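Next come the chains, spelled out residue by residue.
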Amino acid sequence: MDRQYNDLTVRVSLYMVVTFFHGIFHEESGYMIKTDVVIIGGGATGCGIARDLALRGVHHYLVEKGDFANGATGACHGLLHSGARYAVTDPEAARECISENAILRRIARKCVETTGGLFVRLPGDSKRYRDTFLNNCEEAGISTEVLSASRAIDLVPELNPSIEEAVVVPDCSIDPFRLCMLNAFTSRHKGGGILIHHKVIDIVKERGRCTGVKVLDRFTSQIKEIRAKIVINAAGAWGDTLARMGGSDAPMTLSKGSLIISNHRLTNMVINRLRAPSDGDIIVPNEAVCLAGTTSIPVDDPDAIEVDPREVDLVATQAEQMLPRFGTTRLIRAYTGVRPLLKAETSDSRSISRGFRIIDHKNGMFSILGGKLSTYRLMAEKTVDAVVKEFGIKAHCKTADIPLDGQDELSGYPLSKRLKSIDNIVCECELVDRAQVENAINSLGIQYIGDIQHRTRLGMGPCQGGFCTYRALGIMQETGRLTPDESIEILKQFLQRRFRGIRPALWGDQLREEQLVESIYLGILNMGQQA
Amino acid sequence: MSAYEYDAVVIGGGVSGIMASLTLASGGFKTALISRGDPVCCLSTGCIDVFSHSDEPLGGIRALLPDHPYSLVGEKGIVDALCFFLEIMDEAGLPYEGDPGRNRKILTPIGSTKNTCLVPQTMAHADMSPGEYLHVISFQGIKDFFPSYITSRHRNSTYSVYDAGVPTTLGIAARFDDASFLDAFITWLRGLEIPHDRVALPAVLGTIDPASVMEKISQAIGRKIFEIPTLPPSIPGLRLFRAMKRVMQKRGIHLYWGKDVTSVERQGRTVEAVTLATTGRAKRVQGRVFVLATGSFVSGGLFAGRESVRESVFDLPVTVPGERKDWFNTDFFSGGHGIERAGVRVDRAFRPVESMIDNLFACGSILAECEIMSLQCGHGLAIATGVAAAKSCAQELS
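Model, not experiment: these values are computed from the prediction.

(A) Layout of the pattern of salt bridges. Residues and elements named next belong to chain A. In total, this model carries 54 salt bridges over all chains according to the counting rule given. Linking E206 and R227 is a salt bridge whose minimum nitrogen-to-oxygen distance equals 2.8 Å. Of this pair, E206 sits in strand β11 (residues 198–206) while R227 sits in strand β13 (residues 223–227), and the two are 21 residues apart along the sequence. By relative accessible area, which is 37% here, E206 ends up partly exposed.

Here's what the structure looks like:
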């Protein structure tokens, strides 16, 4: 319990970070901004590039159409791979992972929970695969320790008692949202500009060269132009669209991966299935919950993805083979993201390399494609290496040596103190009070309900914002940031979006909760009839 | 094990179970009611929605399919049951008013209006014509009530905020039970010199006797007062439940409160008794007939697994619309989700079909095809089917 609330506090103090960003919203009012590099995409890669540029002294702007971690970064497992998952199928990715794993534990202490991971072998899983696995891990430099079933169950009591054995590897749990925020913090600290909720609507070109971007401020509907010498396309699944805007292309294979969230933290270690990578073979503990996934289904359009109830069944069935309680515990939500994989001939998206590639389009734009969260820093390093070469600057990458800025402010304090200082609770599930919500709205200038949720954990608990979103929006319109009509409209959009995440996993207690929420909005508030 | 014997045993302490037991008790039968705890009705608006989906409740009901539980009750049965409910509430000291033939409007906390049929007296003045002058009273720090939602939608409206010292609706309502708090509030209210005809408040006018609280305020400032039902926990819902419970106690219905049915004893096609888990010895409750009024998913009468739906007490066959992917539409606001039709199917006597039990009757939201959310008919259906099922029981008993 303590941990959960400590982390909550940590997130709350992240307000500070955003306060800095808020400053820049006022600096540019419609006129043109000039910089050296403009980065498109506020996921881990984009934020990592911003920090790397900042530490090498290159002026830059980052633009992101949503909040941080809006794409694949925010829709993944939150797993800092040891590389063991790839040891058999993709040894190069495995080596990259273990080296980045060590670096991130060092530089991003407040984002990483060193849980350790287990690869569990169930009856029927190949023993030969296990031998290859151990051998390849050793070659890649990934430490392993084979445990008997009973020793593994001592470590994780909820494990399926019929497992054959388990292998300990240095997997960790990582908070992708916080990781992005802290990377962006350094950037802003060193004079970089971070514009979230700014969507690129066009790439500015002069004589065939990309010389900047036009962005739409989603809140004010204002169009801004940012001129730069280099444009970095770190837009993940949207990368090809952006490359095409710049007059080139960035072929990718898009693969949808869906995950489910359990209401309880059923394990303190990452649990993997000891077999060839497949659907639903990873469970990651994260704060008070567990995430299980994923599926891998090719898709065309990253904006048109939904979780299919069959994916939920598939992942839940696989997860309960490793942790039987996954079958009976309450699932609070399902979500899905799109992996931007390197283009490959194969139609099986699992066998495509998780490696990355940097494309110099030779028109002032660089695209960074593929990769994964665990290697975001390395991807950023290689991208910035290519960019500074273009500028003729000799500046070495420092991101592996300097811990992320802003972590010192992330100090938690115990639940006992926290409960004492909390009154007038807005979100009962996650203990967020009115003062925190007002602070997010007033001092950070937050305009979007989703941004409040990311920064305070409001609405992240079992009711999934069923009660508190109405309250948070009520508070928002009382501060005058929104008109009452606007806030009701946002509430409707929120309920619709929330339902998309909940619907595929509706049974048991979560179904009861959902019907209660329905009775509030469609019954007591009668929002169905007037929609 | 201690054993207790009754003519009728009702399982479920919500509106339908209570109405069924009151009907049985007025027929002179020795009746017991078993409930796991305070019912879901405590989360409701406290108003009786009979069929809020259309303006004319009875007209809407007439258009329903023959397998809808309302159709099994019939129009006369529905009206009689609602009249019986009104009598009960008069007796309980929490009078309701309304006309089964016509819906009226109440105001919601977001300033919209909502159809309902029978309302407690404190909401009688909520049905106002557009453009009428309205003053809204809110309370300092109250969580679920934002008066600007109402004033922004009603052009001739204004609001003021009173500091009750607590932010929750339950806390504020409890203060209104105290005469000195009420006096101070009235003094403040007088000072406002409200020019408007009507004054609306969130539903916090006491937990026990809201009608006299309202009357006192109304006389002091000479305005029409009405309440706006808020989000759960809802004070009007709580009052409704407590008032009905008082009448049950007065009528000698034996209450087993906070008790779970742990097992069922059957002899051929007859249920002989149920066993209750209690602290200390288990209790065996024996009855000649049983009424199942355990409600739907929220109250736990039905439980949805990943693939199927189960009935919690007797493991009765449950009608389920399709596979899980068909249970919910993709649109949150469209209503009419398939899962709303899940439940126990009954014959015209409210006996569960294919149950192989002859002395069991079911009523309320556990019934198949009721579609309570999309038709907005929760309490009305509970009252109508509760009374109807009890009448079938009475026939069986005599």
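There is more to say after this.
(B) The confidence of the model for chain A, seen in detail. Confidence in the prediction of chain A, expressed as mean pLDDT, is 88, and 90% of residues score 70 or more. Counted against residues more than four places away or in other chains, residues 1–29 of chain A, with its pLDDT under 50, gives 83 contacts.

(C) Examining the interface of chain B and chain A more closely. Taken together, the contacts link 47 residues of chain B with 52 residues of chain A. Across the chain B/chain A interface, buried area totals approximately 4,500 Å², and carbon plus sulfur atoms make up 60% of it. When the buried area of chain B at its contact with chain A is split by residue, R306, F332 and F333 of chain B rank highest and sum to 19% of it. Between chain B and chain A we count four salt bridges in total. Between R471 of chain A and D144 of chain B there is a salt bridge, with the nearest N and O atoms lying 2.5 Å from each other. At the level of secondary structure, the elements contributing two or more residues to the side of chain B that touches chain A comprise β5 (113–116), α5 (147–153) and β15 (302–304) of chain B. Considering every element that reaches the side of chain B that touches chain A, the biggest residue donor is α5 of chain B, with five residues. Looking at side-chain class alone, the side of chain B that touches chain A contains 21 nonpolar, 17 polar and nine charged residues.

(D) Local environment of the domain arrangement of chain A. Residue and element names in this part refer to chain A. As assigned here, chain A comprises domain 1 (2–72 + 177–251 + 354–391), domain 2 (79–174 + 253–342) and domain 3 (422–530). Here the C-alpha centre of domain 3 lies 31 Å away from the C-alpha centre of domain 2. Contact residues are listed per partner, giving 14 residues for domain 2 and 14 residues for domain 3. Summing the contributions of domain 2 and of domain 3, the shared interface buries around 1,200 Å²; its carbon and sulfur component is 52%. Taken as a group, R330, I332 and R333 account for 41% of the area that domain 2 buries against domain 3, more than any other trio of residues on that side. Taken together, the links from domain 2 to domain 3 amount to three salt bridges. Between R457 and E287 there is a salt bridge; the shortest N-O distance is 3.4 Å. Our enumeration of links across domain 2 and domain 3 arrives at seven residue pairs in polar contact (both at pLDDT 80 or more). Residue assignment for the side of domain 2 that touches domain 3 shows that the elements contributing at least two residues are α9 (309–322) and β20 (331–342). Here the side of domain 2 that touches domain 3 gets four residues from one element, more than from any other, and that element is β20.

(E) Main features of the environment of T483 of chain A. Residue and element names in this part refer to chain A. Topologically, T483 is positioned in the loop between α14 (468–478) and α15 (484–502). For T483, a relative accessible area of 38% gives the class partly exposed. Placed 150 residues apart in sequence, T483 and R333 show a C-alpha to C-alpha distance of 30 Å.

(F) Quick look at the domain arrangement of chain B. All names here are of chain B. Assigned domains within chain B: domain 1 (2–97 + 238–397) and domain 2 (109–228). Between domain 1 and domain 2, the C-alpha centre-to-centre distance is 33 Å. Taken together, the 22 residues of domain 1 in the interface contact 20 residues of domain 2. Interface of domain 1 and domain 2: buried area, both sides summed, is about 1,700 Å²; carbon and sulfur atoms make up 53% of it. At the junction of domain 1 with domain 2, the criterion picks out 13 residue pairs in polar contact (both at pLDDT 80 or more). Of all the secondary-structure elements, those providing two or more residues to the side of domain 1 that touches domain 2 are α4 (75–92), β3 (96–97) and α9 (235–250). Residue composition of the side of domain 1 that touches domain 2, by class: eleven nonpolar, six polar and five charged.

Parameters and conventions
Residues numbered from 1 in each chain as written. Chains lettered and ligands numbered in written order. Predicted model: local features only at pLDDT ≥ 70, side-chain atom pairs only at ≥ 80, totals over all residues. Heavy atoms only, no water. Salt bridge = Lys/Arg side-chain N within 4 Å of Asp/Glu carboxyl O. Helix = DSSP H or I, 4+ residues; strand = E, 2+ residues; numbered from the N terminus. Buried < 20%, exposed > 50% of the residue type's maximum accessible area, 1.4 Å probe, protein only. pLDDT = per-residue confidence, 0-100. Contact = heavy atoms within 4.5 Å. Buried area = accessible area lost by both parts, 1.4 Å probe. Nonpolar A, V, L, I, M, F, W, Y, C, P; charged D, E, K, R; others polar. Domains from an automatic or database assignment. Polar contact = N/O pair within 3.5 Å; in protein donor to acceptor, adjacent residues only side chain to side chain.

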